[in-house]
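A structural walkthrough
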Amino acid sequence: MSRFKICLDPTYTTLPASLFSKLSPTPVSEPKLIIYNQNLADELGLDLGNISEKERTHFLSGNRVPEGTTPFAQAYAGHQFGNFTVLGDGRAIVLGEFLSPAGQRFDLQLKGSGRTPYSRGGDGRAAVGPMLREYIISEAMHALGVPTTRSLAVVSTGETVYRETPLPGAILSRTASSHIRVGTFEFTSLLEDKTITEKLLHYLIERHFPEIKEKENQPLALLEAVIYQQAELITHWMRVGFIHGVMNTDNMALSGETIDYGPCAFMDSFAPDTVFSSIDHKGRYAYANQPYIAQWNIARLAESLLPLMPGKKEEVIEEAEALLNSFEPVYKTMWLSMMGSKLGLADPQKEDEKLITDLLDWMHKVKADFTNTFHQLGKAELSENELFKTDRFESWHTRWRKRLKKEPQGLDSSLSLMGTVNPAVIPRNHKVEEALTAAEQGDIEPFKRLLQAIEQPYEDGDHLLPYQAQPKQTEKVYQTFCGT
Ligand code: AMP
Ligand code: MG
């Protein structure tokens, strides 16, 4: 126990004991701070500034648990690639919860902190590469305006983890609005005691959906709220060309944040069937499938909530099904509005859809870069791009410009709208891999430069040039790995 004080009182442990296991992280031999997110610490009011770096490193490695802290691992289940499994935090421990200066509650979790009762055959550990990948992608997502868990630090452990090859071990500290997943409800529905699901539901509503507290049919109201929440999240992913890679139900957080960055990556050339994950053989979690998978996952949540819904079973199922079917039109409306904004249309209508899909079809055909194409379209003068010099593109461009003339606020307003939704830079996979490889060999500088480049992704500048180019043929990354 350390004498250093930080208030991490958890509310989660007031839930039934079957939902978690209290235990401390397993100490590591030689923790070293690789990267620390001072901005995040300041933003969330995590006051770790007045302790020595040594003490802070011990805290962020799990070696010292502050007095009065009761860390715990969460139980959950999940559908992994469609197959149901009982899971839980096998290599993560929530140190506790804290309130930000704005009064928002956050979990502080260590990932890679040792074995837990849910580790199954795993070693409970994580490697430097995948933890830095989560750090940079989650911070990039935040900067891009996408709801996400955040990364506070990565500490190397001085220990080796054995995957296909021996790798340097690491622990990531992440902050999250909570870690309640679709899979947490799937776990409670296994317990054959619906009061546990009920308690979890009330806890979730209290923490994330206070507006439905007064609703008569709370499970149904929650389902509806989650449909909007997840449709919005996926719309953001589609906007920035993000592919999560492992949208298992245990990786869908009911806070509405993107969570569990494994083999995720951003798309370079536009192709709806893009998949990076080495284990996604059938393309289940491909770019264009993400909204359908979100709906599928919410259906698993609905199944877990059915026993709590008042009324006759058949009627309840019918009602839940009708609600689930609303995901598609809800998402479609959000998608149209988002894609419209990427083309400078403040209020796109159904008839604008063809303009959007024609552009996407062309981009797919000529393998145009997703980020750069929209970014270049947003400039007053069309950029020098060989791909733009074709009849097919020119005729689309003329149509688009004609449509823009109908925008009531004028061209400048359209271009500035585009500037707020079309990033100038994303963490391209080849740049991420390059930075991670250097970091694994002890050089963190390329990682820090990449981090700096993606901090303000909507502000263009020459300093971004090395990060904006598409990968050369030899630099292309076709597969990403979980590294678990
Ligand atoms: P993920 O793919 O990271 O979402 O993990 C899926 C499940 O496997 C979760 O229950 C994790 O806690 C567990 N897991 C992943 N890696 C390990 C590991 N090295 N040791 C123990 N459990 C793990
Ligand atoms: Mg996970």
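See the structure shown above.
What comes next is a walk through the structure. What you are looking at is a predicted structure, and each value in this text was computed from that prediction instead of being measured.

How each quantity is defined
- Residues numbered from 1 in each chain as written.
- Chains lettered and ligands numbered in written order.
- Predicted model: local features only at pLDDT ≥ 70, side-chain atom pairs only at ≥ 80, totals over all residues.
- Heavy atoms only, no water.
- Helix = DSSP H or I, 4+ residues; strand = E, 2+ residues; numbered from the N terminus.
- Salt bridge = Lys/Arg side-chain N within 4 Å of Asp/Glu carboxyl O.
- Buried < 20%, exposed > 50% of the residue type's maximum accessible area, 1.4 Å probe, protein only.
- Pairing = 2+ DSSP bridges.
- Patch = residues over 30% accessible without salt bridge, like charges linked within 9 Å, V, L, I, M, F, W, Y side chains within 5 Å.
- Areas by Shrake-Rupley, 256 points an atom, 1.4 Å probe, with all protein chains shown as cover.
- Lys, Arg positive; Asp, Glu negative; His and termini not counted.
- Charge placed at Lys NZ, Arg CZ, Asp CG, Glu CD.
- Phe/Tyr/Trp six-rings, centres within 6.5 Å; stacked < 30°, edge-to-face > 60°.
- Lys NZ or Arg CZ within 6 Å of the ring centre and 35° of its normal.

**Here's the deal with unusual backbone geometry**
With a phi close to 50 degrees, Phe81 is a non-glycine residue in the positive phi region. The residue Phe81 is located in the loop between strand E4 (77–80) and strand E5 (83–86) in this model. Phi is positive for Arg120, close to 50 degrees, though the residue is something other than glycine. Note that Arg120 resides in the loop between strand E7 (105–111) and strand E8 (126–127).

**With respect to the pattern of salt bridges**
Applying the stated criterion to the full structure yields 28 salt bridges. The shortest N-O distance in the salt bridge between Arg150 and Glu139 comes to 2.8 Å. Note that Arg150 is positioned in strand E9 (residues 150–162) and Glu139 in helix H3 (residues 128–143), a separation of 11 residues in sequence. According to the relative accessible area criterion, Glu139 is buried, its value standing at 9%. The network of salt bridges with common partners includes Asp89, Lys111, Glu134, Arg174, Arg181 and Asp260.

**Structural notes on the pairing of E5**
Here four bridges tie E4 to E5, and the two strands are oriented antiparallel to one another. Among the inter-strand pairings, Gln80 is bridged to a residue of E5, identified as Asn83. The antiparallel pairing of E4 with E5 creates a hairpin that spans two residues between the two strands, and Phe81 there sits at a positive phi of about 50 degrees.

**A word on a negative patch on the surface**
Together, Glu314, Glu315, Glu318, Glu319 and Glu321 line one region of the surface with negative charge. Position of Glu318 among the secondary structure elements: in helix H8 (residues 313–325).

**Some thoughts on the packing of aromatic side chains**
The tally for this structure, following the rule as stated, stands at 20 aromatic pairs. One aromatic cluster is present, built from ring pairs that chain together Trp362, Phe388, Phe393, Trp396 and Trp400. Here the guanidinium or amino end of Arg56 rests over the ring plane of Tyr36, the centre of that ring lying 4.2 Å away. Above the ring of Trp296, the side-chain terminus of Arg300 is found at 4.3 Å from the ring centroid.

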